[in-house]
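Close look at the chain arrangement
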Amino acid sequence: MPELPEVETIAKALREGGRDGSAILGRRIHRAHLLWEGTLETPSPGEFKSRIAGQKIRNVGRRGKYLLLDLSTDTMLIHLRMSGDLLVETKHHSPAPHHRMMLDLEGGLRLSFNDPRKFGRVWLTQEPRTVLGKLGPEPLDANFTAPYFYELLRARHRQIKPLLLDQAFIAGLGNIYTDEALHSARIHPLTLADSLDLTQAEKMLAGIRQVLREGISRNGASIDWVYRGGDFQNHFRVYQRTGEPCPDCETPIERIVVGQRGTHFCPTCQPFMK
DNA sequence: CACGAGACCTGTTCGC
DNA sequence: TGCGAACAGGTCTCGT
């Protein structure tokens, strides 16, 4: 689910707080509740609870699809995977179905991790690099240039779509934004990365940045009940639009399976070049 | 190195 | 209406 724009939206919301003044920055964590221990990747439940108690939330950031909570002495990393969400609630609220972890904060607030499918994971560590170390570059980083992207693509004899989903190649893209970016760049999802020329690499990077920026400006995509307020789902051009006319040329959008993921593209705008 | 299948989970939608 | 199949924003591991 949550891809870079959704995680960025959540990080921003946690930093800025709600209209009700429910800001969590600067607050001390009184106590952690683990409703499903499998959520915790490291350390053990006992050490997690004793170590996190008393630490303050200094800041909230993002790297790839990971949320980073800077605490007094540790970093808490959260990966929402397919169905995770973070909510700020009050302490009195009884735990909703699928709550997996709750952090009681000073001032009666509570930061809750809800995750129906139980794929999400949490780490508490003083060395976030051990978790983030293998991530590829941030696509929106100004230091990530088109010529460099072209060099990376040229070194890989692999279909472009699964390559863009590979977090070690580039961080933050998921199934929605990959399909949208390929359509924006007019590149077929099965195109081999090392067959793209510099001009196509430039278009690919521009497409990635364009759809990510649009996703962020629309507060992400809210499919089903998750990620309240996001609007990008109403602006998909190909994702989950099988059979609907391409917004650029009217050709019906096609769906194929690539690397076991549903893949949506326009056969006219994105012709397969061998 | 590249790729496909299977696993990890639960909920919703689709097709008969 | 009922019920099983298919599908879902992600990632890891294993076998070829």
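Above: the structure in question.
Residues numbered from 1 in each chain as written. Chains lettered and ligands numbered in written order. Predicted model: local features only at pLDDT ≥ 70, side-chain atom pairs only at ≥ 80, totals over all residues. Heavy atoms only, no water.

Comments concerning unusual backbone geometry
The phi torsion of most residues other than glycine is negative, and most of the peptide bonds are trans. Geometrically, the link from T42 to P43 is a cis peptide bond, its omega value of 0° lying close to zero. Looking at the element boundaries, P43 is found in the loop between β2 (40-42) and α2 (45-52). Phi angles above zero are rare outside glycine, and K118 is one such case at about 60°. Tracing the sequence through the fold places K118 in the loop between β8 (109-114) and β9 (121-125). (Helix = DSSP H or I, 4+ residues; strand = E, 2+ residues; numbered from the N terminus.)

Remarks on the sheet that holds strand β3 (residues 57-63)
Ordered by their spatial adjacency, five strands build an open sheet running β2-β9-β5-β4-β3, and the pairing between neighbours is mixed. Where the open sheet ends on each side, the last strands, each with one partner, are β2 and β3. Neighbour to neighbour, the strand axes of the sheet diverge by 20° on average, direction disregarded. Packed on one face of the sheet, helix α1 (residues 4-16) meets β3 and β4 (66-71) and runs near 165° to β3. (Pairing = 2+ DSSP bridges. Axes fitted to C-alpha atoms, helices over the stretch in contact; angles between N-to-C directions. Contact = heavy atoms within 4.5 Å.)

Describing the packing of aromatic side chains
Scanning all chains against the criterion turns up seven aromatic pairs. Look at F144 and F149: their rings are 5.5 Å apart centre to centre, the planes differ by 65°, and that puts the pair in the edge-to-face class. Classification of F149 as buried rests on a relative accessible area of 0%. For the pair F236 and Y239, a centre-to-centre distance of 5.3 Å together with 90° between the ring planes defines the contact as edge-to-face. (Phe/Tyr/Trp six-rings, centres within 6.5 Å; stacked < 30°, edge-to-face > 60°. Buried < 20%, exposed > 50% of the residue type's maximum accessible area, 1.4 Å probe, protein only.)

Observations regarding the protein's contact with DNA strand B
Inspection of the region around DNA strand B gives H98, P116, R117, K118, F119, R156, H157, R158, Q159 and Q260 as its neighbouring residues. Of everything in DNA strand B that lies within 4 Å of the protein, sugar and phosphate atoms constitute 58%. Between DNA strand B and the protein, one listed contact pairs a base oxygen with a side-chain N or O atom of R117 at 2.8 Å. In the model, a phosphate oxygen of DNA strand B is placed 3.2 Å from a nitrogen or oxygen of the R158 side chain. Of the residues in the surface near DNA strand B, the class split is two nonpolar, four polar and four charged. (Near = heavy atom within 4 Å. Polar contact = N/O pair within 3.5 Å; in protein donor to acceptor, adjacent residues only side chain to side chain. Nonpolar A, V, L, I, M, F, W, Y, C, P; charged D, E, K, R; others polar.)

Overview of the side chain of T191
Along the polypeptide, T191 turns up in the loop between α6 (175-185) and α7 (198-217). In this structure T191 comes out as buried when scored by relative accessible area, which is 6%. Reaching out from T191, the side chain makes a polar contact with the backbone oxygen of H188 at a distance of 2.7 Å. If near-sequence neighbours (up to four positions away) are discounted, T191 is found in contact with R158, Q159, I160, L196 and F272.

Some words on the nonpolar core
Among the nonpolar cores identified, the biggest contains 31 residues, and F149, L153, I160, L164, Y177, M204 and I208 are the most heavily contacted of them. At the level of secondary structure, the elements contributing two or more residues to this core comprise α4 (146-154), α5 (160-165), α6 and α7. No other element matches the seven residues that α7 contributes to this core. Those residues in contact with I208 that lie beyond four places of it in its chain are P139, F149, L164, I170, L173 and A181. I10, I52, V60 and V122 belong to the second-largest nonpolar core, a separate cluster that totals 28 residues. (Core = buried A, V, L, I, M, F, W, Y, C linked by side-chain atoms within 4.5 Å.)

Points about the environment of I57
Take I57: it is sitting in strand β3. Distance in space between the C-alpha atoms of I57 and M82 is 25 Å, their sequence separation being 25 residues. Those residues in contact with I57 that lie beyond four places of it in its chain are I24, L25, G26, R27, I29, D70, L71 and L105.

Some details on the side chain of H33
As for its position among the elements, H33 is in strand β1 (residues 29-34). Within polar-contact distance, the side chain of H33 engages the side chain of D104 at 2.7 Å. Among residues more than four places away in sequence, those in contact with H33 are R100, M101, M102, D104 and R110.

Focus on the packing of α6 against α7
When two helices pack together, their arrangement is given by the angle between the helix axes and by the axis-to-axis distance. Packing of α6 against α7 leaves a shortest axis separation of 8 Å and a crossing angle of 130°. By the angle between their directions, the pair α6 and α7 is classed as oblique. Crossing of α6 against α7: the hand is right-handed. Counting all contacts with α6, which are made through Y177, E180, A181, L182, S184 and A185, the residues of α7 involved are K203, M204, G207, I208, Q210, V211, L212 and G215. In the contact of α6 with α7, the residues fall into eight nonpolar, four polar and two charged. (Parallel < 35°, antiparallel > 145°, perpendicular 65-115°, else oblique. Left-handed = near helix turned anticlockwise from the far one by under 90°.)

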